[in-house]
Amino acid sequence: MSQHLLLPLAILAISPIPGAFQDSALSPTKEEPEDLDCGRPEPSARIMGGSDSQPGTWPWQVSLHQGGGHICGGSLIAPSWVLSAAHCFVTNGTLEPAAEWSVVLGVHSYDGPLDGAHVRSVAAILVPDNYSGVESGADVALLRLASPARLGPTVRPVCLPRASHRFAHGTACWATGWGDVQEADPLPLPWVLQEVELRVLGEAACQCLYSRPGPFNLTFQLLPGMLCAGYPEGRKDTCQGDSGGPLVCKEGGRWFQAGITSFGFGCGRRNRPGVFTAVAPYEAWIREQVLGSEPGPAFPTQSPELQSGLPEPTDENCTIALPECGKAPRPGAWPWEAQVMVPGSRPCYGALVSESWVLAPASCFPGRISSDLPPRDLDHWRVMLPSRPRAERVARLVPHENASWDDASNLALLQLRAPVNLSVAPRPVCLPHPEHYFLPGSRCRLARWGHTEPVPGAGSLLEAELLGAWWCHCLYGRQGESVPPPGEPPLALCPAYQEEEVAGRCWNYSHWSLLCREEGTWFLAGIRDLPSDCLRPRAFYPLQTHGPWISHVTRGAYLEDQLSWDWGPEGEETETQTCPPHTEHGACGLRPEPALTGGLWPWLAEVHVAGERVCTGILVAPGWVLAATHCILRLGSTTVPYIEVYLGRAGASPLPQSHQVSRLVISIRLPRHLGLRPPLALLELSSRVEPSPSALPICLHPGGTPLGASCWVLGWKDPQDRVPVAAAVSILTPRLCHCLYQGILPPGTLCVLYAEGQEDRCEVTSAPPLLCQTEEGSWVLVGMAIRGSRDLFAAIGPEETWISQTVGEAHFLLPSGFPHWLPEGGDLCPPDMARASGSPRAALFLLLLTLLIQG
Ligand code: ARG
């Protein structure tokens, strides 16, 4: 478990208490009672959601140090014995040497040790043989001190329960420690020992909570010897650094240690109570370890009335706490929408994130982002919240420290003077934890954020669907970079939404926040457009990276676990993915997951020639489409036809109309070939097509036969409805191809062999392209069909120079595979084999056979 809190010994040592820091032996006096008195503090008095304790309230609490810092808690159970958790001392299955550890007794805070504070070195650490890790139980350890502790008002042992002792469901107990006050948020100076009241949860109630899948489909099976304490609604809990510390319950004027802080899922999360090692089942083990040591720990008997009055475990009901944030009566009626009114400027939209805090872009408050000066006019600021009769006043503005230079951190928190009562409205929005993974396909909405401009056709703008993380990450030019896997914060979130073009330009003036829904609960997932010009899909900065900052400042924002964990049939993606090569306008050869947007081939274009035929075209750059010359220009015709190109049609594509684009072709370019008619034509479009899920350029194959790639002929089943179909093929080696079609092939021709039953999938008159998907996942164009053939393709590779010179943004992959062209000479083909038997498949089979036999 992590070790966030440091309570260096050196700091304690600078305010010495006479006699405090020596390992001094305690000489038992005759007055010392036979049986150790336990569990009674001298009459006098985070842990998450807890509060400062009073000195001397928890005199058995000790701090366990290693390397000069606080690592874990523990409890004094006898002058020479401390009880703690095994996981504090076991790393990778090995018990750490006792000599590295020391026990600090009688401390309360950094402000100075109490009277009687002292340190003891550790003579031995004992851990049960069957301990293997926190989640398998037996997370208990005993530390034998090198010399007995000096008992006094601030140093006293706690009572231990016998094996038969029962702590009833619902019993209020207390946990103590110097651990984090929230996830990843260490206890601030002066490190006052924190205490928190936790309720013991029965086994059934706790198991019921932990059986409910959490983020990443996580559930947990409680084991015998574990005990839960906390609340279904979370918020109060132990946390990192509290481990090994005690959970104590008061019975008959004595404090019994019911549990040892062991682990939890996060801290204070809803339906994830803290898990403790139950102490009672370890009575025998403890007695065995301390045998012969005088005085040993005390195990007072539980009063019989307490034991008999226990409810049956079946009485516990399973109450799951539902999120209190993120509920909206209907999309668009956001109960967290806050309007911050600053005199002299337009209203700034933000979101209520807790009873007292509003999150808004820092850029709404220029001049205050970098200065620490308290704004004098905060008095005149107002915040309007839904269903509140009056405007709220503002007490404090806390800009994010990077707000002035980092667009992704353009955030500020405003504290209201008085907390508002949360109800149906106002109600805070839920915030994601850093490991939240918004599933591709999530239903999202855009909401007003900052100084939003009025939107043309606003109604249609607000709905959005989240696109895949891989595609979103790679689209913004991150060649070769690996994509953050689920559980790691993404760099961007991409929602697809309809956006109208304003006066021929894409509309890009307003800022938005991105709300995404999980099980009917809305999360604030992202903020503001990235400055992306017209590149689509739009990318939003994810808010999840800011969760720790927001909870640190607000101490109680509604960070909520992921509620949706349906990973689909493939389960979660665990392989690391790398972005394919890109052009300056996004990656080439990427394809949005078909599940999201239907059978999409975003580079496939319909090329309508002279209103009379449709050819296949492939988008090779934002302003260029490649097609087969023979389909575009008919032999003998002398005029350049009128050509229109459509993208995003993709037959039955479910994409909204606004994703379909059309362009006129303003020029046709052909390479200069002497004699033969060049097979490939480049069509220049009247204006660029901005990348979107339905219009993305493909990568180009430089030459050679792609190795390890899967290849397809992509076309239409019939030229009328033009629903794209792909037929799986293999590209034959140049030798096989050459032999099969001896002498009749123009240079640069590729031959393919269709997979069984795939031959007739696409029609040939539209001149379908030959594509492959490389092992890295990008799609590359390898060739375009030769007139009238389904098996022969004109390779792209030989035209690399011409294409690159004509289309600056065309992206050729690095060469791979083996060359197309055969070395000269040698009678490599067996005579009379090629084209011998009519069908290429049969001929090929014969050919292969002969070549094999020849060796
Ligand atoms: N294992 C943690 C530690 O080493 C204690 C975590 C307790 N977590 C919780 N949610 N109750 O300090």
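Our subject is the structure listed above.
The structure presented is a predicted model; accordingly, all values stated were derived computationally and were not measured.

Draft legend 1. Quick peek at the side chain of Ser551. With respect to the element layout, Ser551 can be found in helix H7 (residues 547-554). Exposure remark for Ser551: the relative accessible area of 9% places this residue in the buried category. Residues contacting Ser551, with those up to four places away along its chain left out, are Gln182, Gly556 and Leu559.

Draft legend 2. The sheet that holds strand S21 (residues 412-416), seen in detail. Pairing is antiparallel around the closed barrel formed by six strands, whose spatial order is S16-S17-S18-S21-S20-S19. When the angles between neighbouring strand axes are averaged without regard to direction, this sheet yields 40°. As defined by bridge partners, strand S16 (residues 337-341) adjoins strand S17 (residues 348-352) across four bridges and the pair is classed as antiparallel. Paired with Val340 across the two strands is Cys348, which belongs to S17. Of the strands in this sheet, strand S18 (357-360), strand S20 (392-399) and S21 touch H7, which is tilted by about 25° from S21.

Draft legend 3. Structural context of helix H2 (residues 203-210). In terms of burial, H2 is a largely internal element, six of the eight residues being buried. On its buried face, H2 sits against strand S11 (194-201), strand S12 (226-229) and strand S15 (274-278).

Draft legend 4. Up close: the packing of aromatic side chains. With the rule as written, the count across this model stands at 14 aromatic pairs. A centroid spacing of 6.1 Å and a plane angle of 35° characterise the contact between Trp58 and Trp174, whose relative ring orientation is tilted. With a gap of 116 residues between them, Trp58 in the loop between strand S1 (51-52) and strand S2 (61-66) and Trp174 in strand S10 (residues 172-177) connect regions that are remote in the sequence. Taking the relative accessible area as the measure of exposure, Trp58 reaches 7% and is therefore buried. The exposure class assigned to Trp174 is partly exposed, which follows from its relative accessible area of 22%.

Draft legend 5. Structural detail: unusual backbone geometry. Geometrically, the link from Leu189 to Pro190 is a cis peptide bond, its omega value of 5° lying close to zero. By the element assignment, Pro190 lies in the loop between S10 and S11. Omega for the bond connecting Ala425 with Pro426 falls within 30 degrees of zero, at -5°, which places this linkage in the cis form. Counting through the fold element by element, Pro426 comes out in the loop between S21 and strand S22 (431-432). In this model, Ala184 sits at a positive phi of 55°, which is unusual for a non-glycine residue. Inspection of the secondary structure puts Ala184 in the loop between S10 and S11. Of the residues examined, Ala184 reaches a relative accessible area of 56% and is grouped as exposed. One non-glycine residue, Glu519, lies in positive phi territory at about 45°. As for its placement among the helices and strands, Glu519 is situated in the loop between strand S28 (512-518) and strand S29 (521-529).

Draft legend 6. The arrangement of the state of the cysteines in detail. Enumeration over the complete set of coordinates arrives at 14 disulfides. Between the sulfur atoms of Cys173 and its disulfide mate Cys249 the distance is 2.1 Å. Disulfide Cys173 to Cys249: torsion about the S-S bond roughly 100°, handedness right-handed. Highlighted residues: Cys173 in strand S10 and Cys249 in strand S13 (residues 246-251), separated in sequence by 76 residues. Under the relative-accessibility criterion, Cys173 is labelled buried at 0%. Residue Cys239 pairs covalently with Cys267 via a disulfide, S to S 2.1 Å.

Draft legend 7. Geometry of the pattern of salt bridges. Tallying each qualifying case throughout the model produces 19 salt bridges. The salt bridge partner of Glu392 is Arg388, with a shortest N-O separation of 2.8 Å. When salt bridges that share partners are traced, they join Glu183, Arg269, Glu435 and Asp561 into one network.

Draft legend 8. Examining the pairing of strand S35 (residues 613-621) more closely. Counting buried residues in S35 gives nine out of nine residues, a clear majority hidden from the surface. Note: strand S34 (residues 604-609) against S35, six bridges, orientation antiparallel. Its bridge partner being in S35, Ala605 is matched across the sheet by Gly617. Counting the residues that bridge the hairpin from S34 to S35 gives three residues, and of these Ala610 lies at a positive phi of roughly 50°. Hairpin connection between S35 and strand S36 (residues 624-628): a loop of two residues separates the two successive antiparallel strands.

Draft legend 9. Structural context of the nonpolar core. Ranked by size, the top nonpolar core spans 65 residues in total, and within it Leu64, Leu76, Leu83, Val103, Leu143 and Ile286 carry the most contacts. The dominant element in this core, judged by the number of residues it contributes, is strand S3 (residues 69-78), at five residues. Listed in part, the 48 residues of the second largest apolar core include Val609, Leu619, Ile632 and Leu685.

Draft legend 10. Helix H3 (residues 283-290), seen in detail. Residues of H3 that are buried include every one of Glu283, Trp285, Ile286 and Val290, and no others. Down the axis of H3, the smallest arc covering the buried residues is 165°, so these residues share one side. Exposed side chains of H3 directed beyond 90 degrees from the buried face belong to Ala284 and Glu288. Next to the buried residues of H3 lie S3, strand S4 (81-84), strand S8 (118-126) and strand S9 (141-145). Positive phi shows up at Gly292, right after H3, with a value of about 90°.

What counts and what doesn't
- Residues numbered from 1 in each chain as written.
- Predicted model: local features only at pLDDT ≥ 70, side-chain atom pairs only at ≥ 80, totals over all residues.
- Heavy atoms only, no water.
- Helix = DSSP H or I, 4+ residues; strand = E, 2+ residues; numbered from the N terminus.
- Buried < 20%, exposed > 50% of the residue type's maximum accessible area, 1.4 Å probe, protein only.
- Contact = heavy atoms within 4.5 Å.
- Pairing = 2+ DSSP bridges.
- Axes fitted to C-alpha atoms, helices over the stretch in contact; angles between N-to-C directions.
- Phe/Tyr/Trp six-rings, centres within 6.5 Å; stacked < 30°, edge-to-face > 60°.
- Disulfide = S-S within 2.5 Å.
- Salt bridge = Lys/Arg side-chain N within 4 Å of Asp/Glu carboxyl O.
- Core = buried A, V, L, I, M, F, W, Y, C linked by side-chain atoms within 4.5 Å.
- Arc of directions from axis to C-beta.

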